[in-house]
Amino acid sequence: MAAAAAGLEDPSLEKHFKGHRDAITSVDFSLNKKQLASGSMDSCLMIWSMRPQMRAYRFVGHKDAVMCVQFSPSGHLVASGSRDKTVRLWVPNVKGESTVFKAHTATVRSVQFSSDGQSLVTASDDKTVKVWTVHRQKFLFSLNQHINWVRCAKFSPDGRLIASASDDKTIKLWDKTSRECIHSFCEHGGFVNHVDFHPSGTCIAAAGTDNTVKVWDVRMNRLLQHYQVHSAVVNCLSFHPSGNYLITASNDSTLKILDLLEGRLLYTLHGHQGPATCVAFSRIGDFFASGGSDEQQSEMDCGDPPKKNKTQESARNQHQQEEETSLADTLEHIVGQLDVLTQTVSILEQRLTLTEDKLKECLENQQKLMHSKGN
């Protein structure tokens, strides 16, 4: 990864996606980079195919603006949070079926899967961070020490910690097992819109309404880097998988790529007509996508492979295309079967839970009966 990152080439625009009817709030790539999910103020979630001529899926279910979206690590599920106070889990296929999670009492601003795909963490305007189990689809517990809206919550790569960013101008670090707040970072001059863990898990980066980006060491609890490169509110950020770069999106309509090793601004990217609201690197870091209030998404390539000469290319093209078509069909069939399997497992788990509850009830009744006979 380090070698690939060291060869990061000038970003080039690959695609525009148009389909949402209002500002885009969130974007995320699937693991295999075949799909891109987006949420919007138009209350819809859309799944875009990266393959040419493939139609996008529009998922309708939320009753209000979709504030956040994320693919599960396997790519078989997409989570979304909404201003309608709910979280939904979607299967990203043509049916667009979803399950609703209800526990928040206000807008859900952030949703993220743990790296093992077993847990979900959400952040809300009800001032809480909540953790859920994915397969049993149950609310587990709340983290309650913020005194204003919580904009963002993220698991550490190893799943042991949770970082949350709030309009109370703090970032809190939580121990997932003990459910205790182990540190509060209070250095931001404004609200904190977004927080994320470095791929190594040793530090976090935060984007603020004071136009700054800050990077903290979570082992020593100290500020490592402070960037003042934007001229307006910073809405979102995303680490490159190598950990060497950070990309940011701002109300000044630009994206910025920061070189964390050298501590400097590497690129400024102009493309959005209004505020750039969200940005995300793909899982292997060769692409990133951004969304904005101009109702379009841009997908950019940030590391084209070296160009081959035309004679080599034409000789291989036809054979390669045939192989790719066959492989794509096979993979689509496998993904379809996995979707069915995921739904079957979910139904079985729900039935298991019902059986457990009934068994528990029977045992309790039996104990009561024995107790009354003993009396």
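Rules and cut-offs
- Residues numbered from 1 in each chain as written.
- Predicted model: local features only at pLDDT ≥ 70, side-chain atom pairs only at ≥ 80, totals over all residues.
- Heavy atoms only, no water.
- Salt bridge = Lys/Arg side-chain N within 4 Å of Asp/Glu carboxyl O.
- Helix = DSSP H or I, 4+ residues; strand = E, 2+ residues; numbered from the N terminus.
- Buried < 20%, exposed > 50% of the residue type's maximum accessible area, 1.4 Å probe, protein only.
- Core = buried A, V, L, I, M, F, W, Y, C linked by side-chain atoms within 4.5 Å.
- Pairing = 2+ DSSP bridges.
- Axes fitted to C-alpha atoms, helices over the stretch in contact; angles between N-to-C directions.
- Phe/Tyr/Trp six-rings, centres within 6.5 Å; stacked < 30°, edge-to-face > 60°.

Visitor: Help me understand the pattern of salt bridges in this model?
Guide: Working definition: two side chains of opposite charge can pair if their charged atoms are close together. On inspection of all chains with the given rule, the structure shows 8 salt bridges. As a salt-bridge pair, Asp64 and Arg83 come within 3.2 Å of each other at their nearest N and O atoms. One end of the pair, Asp64, is in the loop between β5 (57-60) and β6 (66-71); the other, Arg83, is in the loop between β7 (78-82) and β8 (86-90), with 19 residues separating them in the sequence. With a relative accessible area of 26%, Asp64 lands in the partly exposed category. Among the salt bridges present, the one from Asp196 reaches Lys154, with a minimum N-O distance of 3.8 Å. In this pair, Asp196 sits in strand β18 (residues 192-197) while Lys154 sits in strand β14 (residues 150-155), placing the two residues 42 residues apart along the sequence. For Asp196, a relative accessible area of 15% translates into the label buried.

Visitor: So what exactly am I meant to see when it comes to the nonpolar core here?
Guide: In globular proteins that are soluble, nonpolar side chains generally tend to be buried together. Counting residues in each nonpolar core, the largest one holds 24 residues, and the members touching the most others are Leu36, Ile247, Leu255, Ile257, Val279 and Phe288. Secondary structure elements with two or more residues in this core: β2 (24-29), β4 (44-49), β23 (245-250), β24 (254-259), β25 (264-270), β26 (276-281) and β27 (287-292). Here the element with the most residues in this core is β26; it accounts for 5 residues. One finds Cys152, Leu161, Ile171 and Val195 within the second-largest nonpolar core, a separate group that totals 14 residues.

Visitor: Would you mind going over unusual backbone geometry with me for this structure?
Guide: Glycine aside, negative phi is the norm for most residues, and most peptide bonds take the trans geometry. Its identity as a non-glycine residue notwithstanding, Ser43 has a phi of 75 degrees, on the positive side. Assignment of secondary structure puts Ser43 in the loop between β3 (35-40) and β4. The phi dihedral of Lys127 falls on the positive side, at around 75 degrees, and the residue is not glycine. One can find Lys127 in the loop between β11 (119-124) and β12 (129-133).

Visitor: Quick question: what am I supposed to make of the sheet that holds strand β13 (residues 138-143) here?
Guide: Strand pairing in a sheet relies on backbone hydrogen bonds. The paired strands run either parallel or antiparallel. Read across the sheet, 4 strands follow the order β10-β11-β12-β13 without closing on themselves; strand pairing throughout is antiparallel. The outermost strands of the open sheet, each flanked by one partner alone, are β10 (108-113) and β13. Averaged over all pairs of adjacent strands, the angle between their axes in this sheet comes to 20 degrees, without regard to strand direction. Inspection of the sheet shows β12 paired to β13 by 5 bridges, in the antiparallel sense. Counted as the bridge partner of Trp132 is Phe139 from β13.

Visitor: What's the story with the packing of aromatic side chains in this structure? I'm lost.
Guide: For any two aromatic rings, the description comes down to two numbers: the centre-to-centre distance and the angle of the planes. Summed over all chains, the structure comprises 6 aromatic pairs. Ring geometry for Tyr57 and Phe59: centres 6.1 Å apart, planes at 10 degrees, overall stacked. Geometrically, the ring pair formed by Phe281 and Phe288 is edge-to-face, given 5.7 Å between the ring centres and 80 degrees between the ring planes. Since its relative accessible area comes to 0%, Phe288 is described here as buried. Ring pairing ties together the aromatic residues Tyr57, Phe59 and Trp90, which thus form one cluster.

Visitor: Explain the sheet that holds β4 to me, please; I cannot follow it from the model alone.
Guide: Pairing is antiparallel across the open sheet formed by 4 strands, whose spatial order is β2-β3-β4-β5. The open sheet has two edge strands, β2 and β5, and neither has a second partner. Neighbouring strand axes in the sheet, compared pairwise and without regard to direction, differ in orientation by 20 degrees on average. The pairing of β4 with β5 spans 4 bridges and is antiparallel. The partner of Cys44 across the bridge, within β5, is Val60.

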